[in-house]
Amino acid sequence: MIVKEGSYVLLYHSPQKTWLVEANIGKKFHTHLGVLDIGEAIGSKFGSYLLSSKGKKVTLLEPLVYDFVMKSERLTQIVYPKDLAYIGIRSGLTSGSRVLEVGTGSGGLTTYLASSARPLGHVYTFDVNSKFSTIAKKNIKKAGLSDFVTFHENIQFQESNCGDVDIVVIDIGDPWTMVEKTYESLKPSGTLVAICPTMNQLEKMSSTLTEFGFVFVESTELMIRNIEARTGKTRPAMRMIGHTTYLIFGRKAL
């Protein structure tokens with residue numbers, strides 16, 4: 001794979017120093033390492049490198065979905081990759097999945113859902129805040145996923161051609177209010193997932209899912225501790241990614 005005009009490139013100097021940029025002829029990118037001529041990357045292979053004006057080497061990497069999510073423009077908190085991965089396997093998300101998302105936000109979760117559902121599936125995402133939708137559309141376009149996402153600035157699910165979905169994902173402050181509204185859109189045996197930052201939200205959501213007859217209701221919190229692996233002095237990192245959110249899952253039973 002080579003870098004093309006208009007494609008996105010992850011500039012890598014160290015794990016803490018990475019930048020996601022669009023490759024355009026004549027584009028200059030200023031960093032503490034010096035100025036990088038991004039246009040020089042066009043035609044180069046991913047994995048090769050550029051030299052900055054200060055002679056610093058920066059590697060050209062092809063961006064992953066992880067990079068598009070973590071480097072996304074945002075007005076809201078995003079769902080972190082550690083939670084995205086579990087949402088994917090626990091909900092049965094796969095190519096061909098039809099997903100109804102309530103609460104687009106900045107589109108980080110939308111990006112992950114669409115990347116996994118493509119090319120045969122689709123994500124129908126809803127948010128009543130037009131500012132959030134504008135940002136999310138930019139992030140989805142940057143990741144090259146626009147063909148797999150339909151945006152709605154309302155909550156009229158039944159009128160939006162998004163019935164018979166495999167998965168419902170709810171990421172709003174009061175997710176329990178959307179269980180009844182999305183119930184008919186979800187296939188029998190389909191999965192409903194909710195993002196709950198607090199235990200109060202989690203408790204109320206669990207009660208609501210049980211009330212509506214969902215089974216296999218499971219609540220989860222995930223944490224990550226990185227390891228600093230160095231010859232002769234490997235140890236856990238001093239900092240870790242602790243609480244980001246609680247996840248709750250349920251399967252629709254008739």
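The shown structure was predicted, so the numbers you read here are calculated from the model rather than taken from an experiment.

1. Overview of the overall build of the protein chain
Next up, step 1: Summing up its helical and strand segments, the protein chain has six helices and 15 strands in all.
Next up, step 2: Overall, the C-alpha framework of the protein chain stretches about 65 × 45 × 30 Å when taken along its three principal axes.
Next up, step 3: Long-range contacts, defined as pairs at least 24 residues apart, comprise 60% of the intrachain contacts of the protein chain with a sequence gap of at least 6.
Next up, step 4: Summing over all exposed atoms, the protein chain offers an accessible surface of approximately 13,200 Å²; the carbon and sulfur share of this is 53%.
Next up, step 5: Within the protein chain, the 24 negative side-chain charges are centred at a point lying 11 Å from the centre of the 29 positive side-chain charges.

2. Observations concerning the sheet that holds strand β11 (residues 186–196)
Next up, step 1: Pairing is mixed across the open sheet formed by seven strands, whose spatial order is β9-β8-β7-β10-β11-β15-β12. Two strands lie at the open edges of the sheet, namely β9 (149–152) and β12 (215–220), each paired on one side alone. Averaged over neighbouring strand pairs, the angle between their axes works out to 15° when direction is ignored.
Next up, step 2: As paired elements, strand β8 (residues 122–126) and β9 share four bridges and run parallel to each other. Following the sheet pairing, F126 is matched in β9 by H152.
Next up, step 3: The sheet strands contacting helix α2 (residues 81–91) are β10 (165–170), β11, β12 and β15 (246–251), and the helix crosses β15 at an angle near 10°.

3. Observations concerning the side chain of T125
Next up, step 1: Inspection of the secondary structure puts T125 in strand β8.
Next up, step 2: Classification of T125 as buried rests on a relative accessible area of 0%.
Next up, step 3: Looking at T125, its side chain comes within polar contact range of the side chain of E101, at 2.6 Å.
Next up, step 4: Ignoring anything within four residues of it in the chain, the contact list for T125 reads E101, T104, T110, V149, T150, F151 and H152.

4. Focus: the pattern of salt bridges
Next up, step 1: By the definition in use, this model includes six salt bridges.
Next up, step 2: Salt-bridge contacts for R235 lead to E228; the nearest nitrogen and oxygen are separated by 3.3 Å.
Next up, step 3: A relative accessible area of 34% places R235 in the partly exposed class.
Next up, step 4: In this structure E228 comes out as partly exposed when scored by relative accessible area, which is 28%.

5. Considering the pairing of strand β3 (residues 28–31)
Next up, step 1: On β3, burial follows the alternation: F29 and T31 on one face are buried, whereas K28 and H30 on the facing-out side are not.
Next up, step 2: In this structure, β3 lies alongside strand β4 (residues 34–37), joined through four bridges in antiparallel fashion. Following the sheet pairing, K28 is matched in β4 by D37.
Next up, step 3: The loop that links β3 with its antiparallel partner β4 comprises two residues.

6. Brief notes about the packing of aromatic side chains
Next up, step 1: By the definition in use, this model includes five aromatic pairs.
Next up, step 2: Ring centres 6.2 Å apart and planes at 80° place the aromatic pair Y8 and F68 in the edge-to-face group. Here Y8, found in strand β1 (residues 8–14), pairs with F68, found in helix α1 (residues 65–70); they are 60 residues apart in sequence, far enough to count as distant.
Next up, step 3: Residue classification places F68 among the buried residues on the basis of a relative accessible area of 13%.
Next up, step 4: For the ring pair Y86 and F249, a centre distance of 5.6 Å and an interplane angle of 80° mean the geometry is edge-to-face. With Y86 in helix α2 and F249 in strand β15, this pair connects stretches of sequence that are 163 residues apart.
Next up, step 5: Classification of F249 by relative accessible area gives buried; the value is 0%.
Next up, step 6: What links up through ring pairs into an aromatic cluster is the set Y183, F212 and F214.
Next up, step 7: Between the NZ or CZ atom of R90 and the centre of the ring of F216, over which it lies, the distance is 4.4 Å.
Next up, step 8: Above the plane of the ring of Y183 lies K252, whose end atom (NZ or CZ) is 4.1 Å from the centre.

7. Focus: unusual backbone geometry
Next up, step 1: Here the residue pair R118 and P119 is connected by a cis peptide bond, since its omega of -5° sits within 30 degrees of zero.
Next up, step 2: Within the secondary structure layout, P119 lies in the loop between α3 (108–117) and β8.
Next up, step 3: Unusually for a residue other than glycine, S189 sits at a positive phi of about 80°.
Next up, step 4: Residue position: S189 is located in strand β11.
Next up, step 5: Classification of S189 by relative accessible area gives partly exposed; the value is 41%.
Next up, step 6: A positive phi angle, near 55°, is found at F216, a position not held by glycine.

Criteria and thresholds
Residues numbered from 1 in each chain as written. Predicted model: local features only at pLDDT ≥ 70, side-chain atom pairs only at ≥ 80, totals over all residues. Heavy atoms only, no water. Helix = DSSP H or I, 4+ residues; strand = E, 2+ residues; numbered from the N terminus. Contact = heavy atoms within 4.5 Å. Areas by Shrake-Rupley, 256 points an atom, 1.4 Å probe, with all protein chains shown as cover. Lys, Arg positive; Asp, Glu negative; His and termini not counted. Charge placed at Lys NZ, Arg CZ, Asp CG, Glu CD. Pairing = 2+ DSSP bridges. Axes fitted to C-alpha atoms, helices over the stretch in contact; angles between N-to-C directions. Buried < 20%, exposed > 50% of the residue type's maximum accessible area, 1.4 Å probe, protein only. Polar contact = N/O pair within 3.5 Å; in protein donor to acceptor, adjacent residues only side chain to side chain. Salt bridge = Lys/Arg side-chain N within 4 Å of Asp/Glu carboxyl O. Phe/Tyr/Trp six-rings, centres within 6.5 Å; stacked < 30°, edge-to-face > 60°. Lys NZ or Arg CZ within 6 Å of the ring centre and 35° of its normal.

Remember that the coordinates give geometry; whether it matters functionally is a separate question.
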